[in-house]
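So the chains spell out like this:
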Amino acid sequence: MAVYAIGDVHGCLPQLLELLEAIRFRPARDRLWFVGDIINRGPDSLGTLRFVRDLGDRAVTLMGNHELRAISGLSGHGDRAFANQMGFFAQAPDLPEIHQWLRGLPLMHHDAGLGAMMVHAGFFPGWSFHRARELADRLQEILRDDRRISTLFSSASSSLPDLEPVVTEEMASLHFALAVMTRMRICQPDGRVVWSIPGEKSGMAFRLEPDSPYRPWYELLDWPGEERVVYGHWAVAGLSLNGRFKGLDSGCVYGGRLSAIRLDHPETPVTQVTCPCYVAPE
Ligand SMILES: [Mn+2]
């Protein structure tokens, strides 16, 4: 059995199929880890979603910020980005099933036997592994719960703290954790999360120059052990293999590449396919 981790697909189904051919994926034996953001921006989000969903237990798929935005919108808490970008959901006759499937996606995945874990964006440097696991499990429980999912989305505050809130109210910690695991990229050197840089566009814009006062989150994470941490979400940084940290978003939908690394045989070279530029980076 081979286990591959695959970066942010963003609706680029032709490139995903090409990548699976390139790694000679054998559905009967192999397993895939998807780092999240399988949908949105690219040419075939619904096709990608159905393809990945239909892999069943041959694939582990994480919640990315785009899946989260979809769930929020489909649950009646949509923002403008949902309205502008996710019209493709209107064409889905199987929308209730798709919505349910999205709501079941986990925020993190860990396989002790493989010595690897995965998160879409990152882990807050102030957390222990145990704390991250606890928050991810709690969030998954709430996202599956009809009543509490509304509380989670409707009580979202407009500004996020840069440190984990003191736990007097669970929802505040959960909002912070959800944002960290699906959106964070950079921190202050003391571990406070930087959500935006004044004068910079958010999202794609966090390319850290060597003289930047900020650090990538993973440089501040001091969890003991050697387990690999696979993540996505940082297309501008591109494929980023730094010791145990494996950043796999190589800008597929932006004319970059879609990447796969093999987790059970780490010495196997990275496999990449090139992608047409379906959309320009924001
Ligand atoms: Mn993302």
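Basis of the calculations
- Residues numbered from 1 in each chain as written.
- Predicted model: local features only at pLDDT ≥ 70, side-chain atom pairs only at ≥ 80, totals over all residues.
- Heavy atoms only, no water.
- Buried < 20%, exposed > 50% of the residue type's maximum accessible area, 1.4 Å probe, protein only.
- Helix = DSSP H or I, 4+ residues; strand = E, 2+ residues; numbered from the N terminus.
- Pairing = 2+ DSSP bridges.
- Donors = N, O, S within 2.8 Å, 3.2 Å for Na, K, Ca; no water.
- Axes fitted to C-alpha atoms, helices over the stretch in contact; angles between N-to-C directions.
- Salt bridge = Lys/Arg side-chain N within 4 Å of Asp/Glu carboxyl O.
- Core = buried A, V, L, I, M, F, W, Y, C linked by side-chain atoms within 4.5 Å.
- Parallel < 35°, antiparallel > 145°, perpendicular 65-115°, else oblique.
- Contact = heavy atoms within 4.5 Å.
- Nonpolar A, V, L, I, M, F, W, Y, C, P; charged D, E, K, R; others polar.
- Phe/Tyr/Trp six-rings, centres within 6.5 Å; stacked < 30°, edge-to-face > 60°.

Could you give an account of the pairing of strand β9 (residues 228-231), with specific residues and numbers?
Residue alternation in β9 divides its side chains into two sets, R228 and V230 and V229 and Y231, and both sets are buried. Sheet topology places strand β5 (residues 116-119) next to β9; three bridges connect them, and they run parallel. For M117, the partnering residue across the bridge sits in β9 and is V229.

Run through the sheet that holds strand β6 (residues 186-187), naming residues and quoting values.
Strand pairing in a sheet relies on backbone hydrogen bonds. The paired strands run either parallel or antiparallel. If you walk across this open sheet you meet the three strands as β7-β6-β8, and the pairing is antiparallel. Edge positions in the sheet fall to β7 (193-194) and β8 (215-216), since each of these pairs with one other strand and no more. Sheet topology places β6 next to β8; two bridges connect them, and they run antiparallel. Within β8, the residue paired with I186 across the bridge is P216.

Could you give an account of the coordination of the manganese ion, with specific residues and numbers?
For the manganese ion, the full set of protein donor atoms is D37 (OD), N65 (OD1), H120 (NE2) and H233 (ND1), at a range of 2.0 to 2.2 Å. Positions of the donor residues of the manganese ion, expressed as sequence spacing, correspond to D-x27-N-x54-H-x112-H. In this pair, D37 sits in the loop between β2 (31-34) and α2 (45-53) while H120 sits in the loop between β5 and α6 (129-143), placing the two residues 83 residues apart along the sequence.

Residues and numbers for the sheet that holds strand β12 (residues 257-262), please.
Taking strand neighbours across the sheet as the criterion, the five strands line up as β3-β2-β1-β12-β13 in an open arrangement whose pairing is mixed. The open sheet has two edge strands with one neighbour each: β3 (59-61) and β13 (271-274). On average, each strand axis in the sheet is tilted by 20° relative to the strand beside it, whichever way the strands run. Examined bridge by bridge, strand β1 (residues 3-6) and β12 share three bridges and lie antiparallel to one another. Residue Y4 lies in a different strand from β12, and its bridge partner there is R262.

Go over the pattern of salt bridges, please, and point to the residues and values.
Throughout the structure, instances matching the rule amount to 15 salt bridges. R131 serves as the salt-bridge partner of E134, at 2.6 Å between the closest nitrogen and oxygen. Of this pair, E134 and R131 both sit in helix α6, three residues apart, which is roughly one turn of the helix. When its relative accessible area of 39% is taken as the criterion, E134 is described as partly exposed. Taking the shortest distance from any N to any O, the salt bridge between R192 and D190 comes out at 2.9 Å. Overall, the relative accessible area of 29% leaves R192 in the partly exposed class. One salt-bridge network, in which partners are shared between bridges, spans R50, R53, D54 and D94.

For the nonpolar core, give the residues involved together with the corresponding values.
Counting 80 residues, the largest nonpolar core has F123 and W127 as its most contacted members. For this core, the element with the highest residue contribution is helix α8 (residues 170-183), accounting for eight residues. Membership of the second largest hydrophobic core comes to twelve residues, among which are A5, W33, V35 and L62.

Explain the environment of P96 to me, using residue names and the numbers behind them.
Within the secondary structure, P96 is located in helix α5 (residues 95-103). Under the relative-accessibility criterion, P96 is labelled exposed at 56%. Considering only alpha carbons, one finds P96 and W223, 127 residues apart in sequence, at a separation of 39 Å.

Before we move on, could you go through the packing of α6 against α8 and cite the residues and values that matter?
Running from amino to carboxyl end, α6 crosses α8 at an angle of 100°, the nearest separation of the two axes being 10 Å. Overall, the two elements α6 and α8 adopt an arrangement that is roughly perpendicular. Two secondary-structure elements touch here, α6 through R131, A132, L135, A136, R138, L139 and I142 and α8 through E170, M171, S173, L174, A177, L178 and M181. In terms of residue class, the contact of α6 with α8 is built from ten nonpolar, one polar and three charged.

Give a description of the packing of aromatic side chains that names residues and reports values.
Applying the stated criterion to the full structure yields 14 aromatic pairs. Centre to centre, the rings of F124 and W127 are 5.8 Å apart; their planes meet at 80°, and the pair counts as edge-to-face. With centroids separated by 5.1 Å and ring planes inclined at 85°, the aromatic side chains of F124 and F176 adopt a geometry described as edge-to-face. One end of the pair, F124, is in the loop between β5 and α6; the other, F176, is in helix α8, with 52 residues separating them in the sequence. Like F124, the residue F176 is buried in the burial classification. Connected via pairs of aromatic rings, a cluster forms that spans F123, F129, W217, Y218, W223, Y231 and F245.

A description of the environment of Q91 should follow, citing residues and the corresponding values.
Relative to the helices and strands, Q91 resides in the loop between α4 (80-85) and α5. C-alpha of Q91 to C-alpha of P198: the two residues are 107 residues apart in sequence and 38 Å apart in space.

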